[in-house]
Amino acid sequence: MVDFSIEPGALNSSLAAPALPTGQPVDYKITARNVSVFYGEKQALFSVGIDIPDRSVMAFIGPSGCGKSTFLRCFNRMNDTIASARVKGEILVQGKNIYGPDVDPVQVRARVGMVFQKPNPFPKTIFENVAYGPRIHGLAKSKGDLEEIVVKSLQRAGLFNEVKDRLDGEGTGLSGGQQQRLCIARAIAVSPEVILMDEPCSALDPIATAKIEELIDELRENYCIVIVTHNMQQAARVSQRTAFFHLGYLVEEDTTDQIFMNPKDKRTQDYITGRFG
Amino acid sequence: MSAVAQDSSMSDSDAAETVGRFDNPALMRRRRREEVRFQAYGLIAIALGMSFLVILFGTIIRDGWTAFFQTSIELPIKFDAAEIDPDGTRNANALAQANYQKLANQALYGQLGVDPSSRAQRQAANALVSRDVDSQLRAMVASDPKIIGTTQNVWVLASGNVDAFAKGKIDRELPQENRQISDQQISWIDKLTASGAMEKSFNTGLFTNTASSQPETAGLAVALLGSFYIMLIVVLLSVPLGVAAAIYLEEFAPRNRITDIIEVNINNLAAVPSIVFGLLGLAVFINFAGLPRSASLVGGLVLTLRTLPTVIIATRASITAVPPSIREAALGVGASKVQSVFHHVLPLSLPGIITGTIIGLVQAIGETAPLLMIGMVAFVVDVPSSPLDPATALPVQIYMWATEAERGFVEKTAGATIVLLGILAVMNILAMVLRKRYERKW
């Protein structure tokens, strides 16, 4: 049922993403095997496995309650913060099992950044929002270092030019789209290996959404990005690979073109043609 | 058909009928009557509440504002060396034992033209001056013995009855047998007032004097200091304990039966009658731990127990009000649970915590019953220099003055109530300002 094979060269998304070179070993950033998640007695995810390559965007799609967000939150152990949640199986990030016995979940979350559904900047200044991560992890040796990290992160998030004159203004005073880009800047300020995005555009207007999508496409050059989205057009636009979830199962995973043009599973086909969801 | 249907430009009869279906005049009238009636009930309730408030404050202020003023009499007192220090040794002991009351009385006789040979006249004149004049003059001589042998103009306190008369609390139209001031005394008072030798001035003694059986020299110093020590102890203990307990329960404790029971009991504790806390304090802090009776330390400990549930409940409420997205954001960049709480959740809930604490303090400062149980109802003459010394508290002082028989204590009681209400008002305004200032909308 689950197809782990990668077909390099088959990518042809609307953003003209460069195809992975043929014949070279693919560098997987995340490898998940037999991941099951339980909320109390209820099982939300059934033995899911997936391989996510580096420097690309993986989209998780599926109807509400299909387990895609639950799965995403396994990658940075965010499910640990829910008392009733239990995760089984193993997830390797950069070859290391983040559910291993000697792993500190707090450190996992520094390595795997996350952007949430609703923009959630800290009610502090724009500078402090971005500087918080580097500060608690001791990434900057001096004040100058910290400023450099903040500026660079804001630049990468495509926000610097809009806020450079008011870095000491409130982060919550920005527009919704700007706030979400601030949250992205905050996530990349700690130089994570992976960025998880949980429906990052669902609270934004179309113009702000377009900017975030553009940004995701740029960030792909340096990061492994996993995005959960309800918007199938968005998945088609930004991702190179797509995974379709249904009722807690991973139904199909393939290149984005393959999923949208030529799905193998009937359920995938029904979902992308709008027959349910 | 109905007016609405006819006025409408709709030619379609179906549409007209649809409008007409809701057009029941009897029903509409009843609905409107109900609305008017309900609003009237509300207005009556508010008016009733407000009028009681006005009556309460009105009577307290009417009876109490005069307590902030005090009548004094200016007397040219001759510090007669023969009277104070007949041996001329300037011995401190001898100076302390001299009869200063006599000096004041003699000055008064001279001022009023009293016949010193008439015992009745002498007594009537003596009753004009407070008995406190003795210690006032003694203190003057002790601080500067050089005044012996000179004549000084000194403002001395008038007696409680004279003070009450000067403030209009004793009616001069009453027959002489029914008032505590005789006609003779009234004529003297009028004479002194006319010559400017009797005046009302701001009563600093209300704040600096300690317990006294004379209303004119009784003050709130011990009660104010006792209440201050109690507040200090309550803040120092209940804030750290309450905030720590609230943070643990809200952010770290697992949700299970035990935490449920703890939660229910904290809420119950807030509803326990305060006298029970007094009994607890008596049993634990005084009888078991052996702390001193009547001490503000024990009062503070008891009222800490009383305030703790309020602080915990207020803190938990303001922690819950911080949206979970802020915690997720902090955890998402790799902050630990403790970091997310102390860097983000706690600063954001601080205004709520401060407001809750002030409200708890307001509760504690007005608490009387538990303090009675631990013996803070006492006649304390010495200003307490530490929380271990015997003291009273403001509401207890009000209670004690209310039980005094003398006329002058009526205004003292009301005056002390004004002081207490003033402190409460300031604290409430402070809580309101802080809440408005740091309030954050999500």
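Numbers given to residues run from 1 along each chain, matching the order in which its sequence is written. Just so you know, chain letters begin at A and ligand numbers begin at 1, following the order they were written in. It should be noted that, the model being predicted, local features are given only for residues of pLDDT at least 70 and side-chain atom pairs only at 80 or more, the latter also being counted only at that level, while totals for whole chains, interfaces and linings use all residues. Hydrogens are left out, water is left out, and the side-chain values use all remaining heavy atoms of the structure.

(A) Fine view of a nonpolar patch on the surface. Residue and element names in this part refer to chain B. Patches here are clusters of residues that have more than 30% relative accessible area and form no salt bridge, with a 9 Å joining cutoff for like charges and a 5 Å cutoff for nonpolar side chains (Val, Leu, Ile, Met, Phe, Trp, Tyr). Per-residue and other accessible areas were derived by the Shrake-Rupley procedure at a 1.4 Å probe size, with only the shown protein chains allowed to occlude residues. Within this document, salt bridges are pairs made up of a side-chain nitrogen of Lys or Arg and a carboxyl oxygen of Asp or Glu, the two lying within 4 Å of each other. Judged by side-chain polarity, Ile-46, Met-50, Leu-53, Leu-56, Phe-57, Ile-61, Trp-65, Phe-69, Phe-202 and Phe-207 come together as a nonpolar surface patch covering roughly 950 Å² of accessible area. Only runs of H or I of at least four residues qualify as helices and only runs of E of at least two qualify as strands under DSSP, and these elements are numbered from the N terminus. Ranked by residue count, the leading element in the nonpolar patch is helix H3 (residues 25-64), at six residues. You can see Phe-57 is positioned in helix H3.

(B) A look at the confidence of the model for chain A. One confidence number per residue, pLDDT, is output by the predictor and ranges from 0 to 100. Overall, the predicted model of chain A reaches an average pLDDT of 87, with 90% of residues at or above 70. Here, residues are in contact when the closest pair of their heavy atoms is within 4.5 Å. Of the regions scoring below 50 in pLDDT, residues 1-23 of chain A engages in 48 contacts with residues more than four places distant in sequence or in other chains.

(C) A look at the interface of chain B and chain A. Of the residues lining the interface, 17 residues belong to chain B; the matching set on chain A comes to 23 residues. Buried area adds together the accessible area that both of two parts lose upon being put together, with accessible area traced by a 1.4 Å probe. Approximately 1500 Å² of surface area, both sides summed, lies buried where chain B meets chain A, with 62% of it carried by carbon and sulfur atoms. Contact with chain A buries area across many residues of chain B, yet Glu-328, Val-333 and His-344 of chain B alone supply 34% of it, more than any other trio. Where Glu-328 of chain B meets Arg-73 of chain A, a salt bridge forms, and the shortest distance between an N and an O atom there is 3.0 Å. Among the elements that take part in the side of chain B that touches chain A, helix H16 (residues 324-332) of chain B stands out by supplying seven residues, more than any other. Amino acids are sorted into nonpolar (Ala, Val, Leu, Ile, Met, Phe, Trp, Tyr, Cys and Pro), charged (Asp, Glu, Lys and Arg) and polar (every other residue, Gly among them). Here the side of chain B that touches chain A is composed, by residue class, of eight nonpolar, seven polar and two charged.

(D) Representation of the sheet that holds strand E1 (residues 28-39) of chain A in the model. Residue and element names in this part refer to chain A. A pair of strands is labelled paired if DSSP reports no fewer than 2 bridges between them. Judged by pairing direction, the sheet is antiparallel, and its four strands sit side by side in the order E2-E1-E4-E5 without closing on themselves. The open sheet is flanked by strand E2 (42-53) and strand E5 (96-97), the only strands paired with a single partner. Here two bridges tie strand E4 (residues 85-93) to E5, and the two strands are oriented antiparallel to one another. Paired with Val-93 across the bridge in E5 is Lys-96.

(E) Region of the structure containing the pattern of salt bridges. Enumeration according to the criterion identifies 27 salt bridges over all chains in this entry. A salt bridge links Asp-270 of chain A to Lys-266 of chain A; the nearest nitrogen and oxygen atoms lie 3.2 Å apart. You can see Asp-270 of chain A and its partner Lys-266 of chain A sitting in helix H10 (residues 266-272), four residues apart, about one turn around the helix. Take Lys-266 of chain A: its relative accessible area is 55%, and that puts it in the exposed class. It is possible to trace a salt-bridge network through shared partners that takes in Glu-250, Arg-255, Glu-263 and Arg-316 of chain B. Residue burial is assigned from relative accessible area. The probe radius is 1.4 Å, only protein chains are included, and a residue is buried under 20% of its type maximum, exposed over 50%, and partly exposed in between.

(F) Structural context of the layout of surface pockets. By volume, the largest pocket amounts to about 600 Å³. If you trace the largest pocket, you find 20 residues lining it, with Thr-81 of chain A together with Glu-250, Glu-251, Arg-327 and Lys-337 of chain B closest to the centre. Contributions of two or more residues to the lining of the largest pocket are made by helix H12 (221-252), helix H15 (296-320) and H16 of chain B. The greatest single-element share of the lining of the largest pocket, amounting to four residues, is contributed by H16 of chain B. For the lining of the largest pocket, the per-class residue count stands at nine nonpolar, two polar and nine charged. The distinction between a cavity and a pocket rests on a 1 Å grid over the protein atoms alone: a 1.4 Å probe fits inside a cavity but cannot get out, while a pocket stays open yet meets protein on both sides within 12 Å along at least five of seven lines, and a residue with an atom within 4 Å of a point counts as lining. Grid points are joined across faces, edges and corners, and a volume is the space filled by probe spheres set on the points.

(G) Geometry of the UniProt feature "transmembrane region" (unreviewed entry) in chain B. Residues and elements named next belong to chain B. UniProt positions are given in the numbering used here, feature names are shortened, and annotations may be inferred rather than shown by experiment. UniProt marks residues 38-61, 228-249, 269-289, 345-366 and 414-434 with the feature "transmembrane region" (unreviewed entry), using the numbering shown here. Counted over residues 228-249, helix gives 100% and strand 0%. Its end C-alpha atoms are 31 Å apart. Taken as a whole, residues 345-366 contains 95% helix and 0% strand, while its terminal C-alpha atoms sit 32 Å from one another.

(H) The arrangement of the sheet that holds strand E1 (residues 69-78) of chain B in detail. Residue and element names in this part refer to chain B. The three strands lie next to each other as E2-E1-E3, forming an open sheet whose pairing is antiparallel. Each edge of the open sheet is held by one strand with a lone partner, namely strand E2 (151-157) and strand E3 (198-202). Across the sheet, the mean angle from the axis of one strand to that of its neighbour is 40 degrees, orientation sign disregarded. Both E1 and E2 contribute to a ladder of seven bridges, which runs antiparallel. By the bridge assignment for E2, Ser-72 is matched with Leu-157. All axes here are fitted lines through C-alpha atoms, helices being fitted over the stretch that makes contact, and every angle between N-to-C directions spans 0 to 180 degrees. Contacting E1 and E2, helix H8 (residues 133-143) crosses the sheet at an angle of about 140 degrees to E2.

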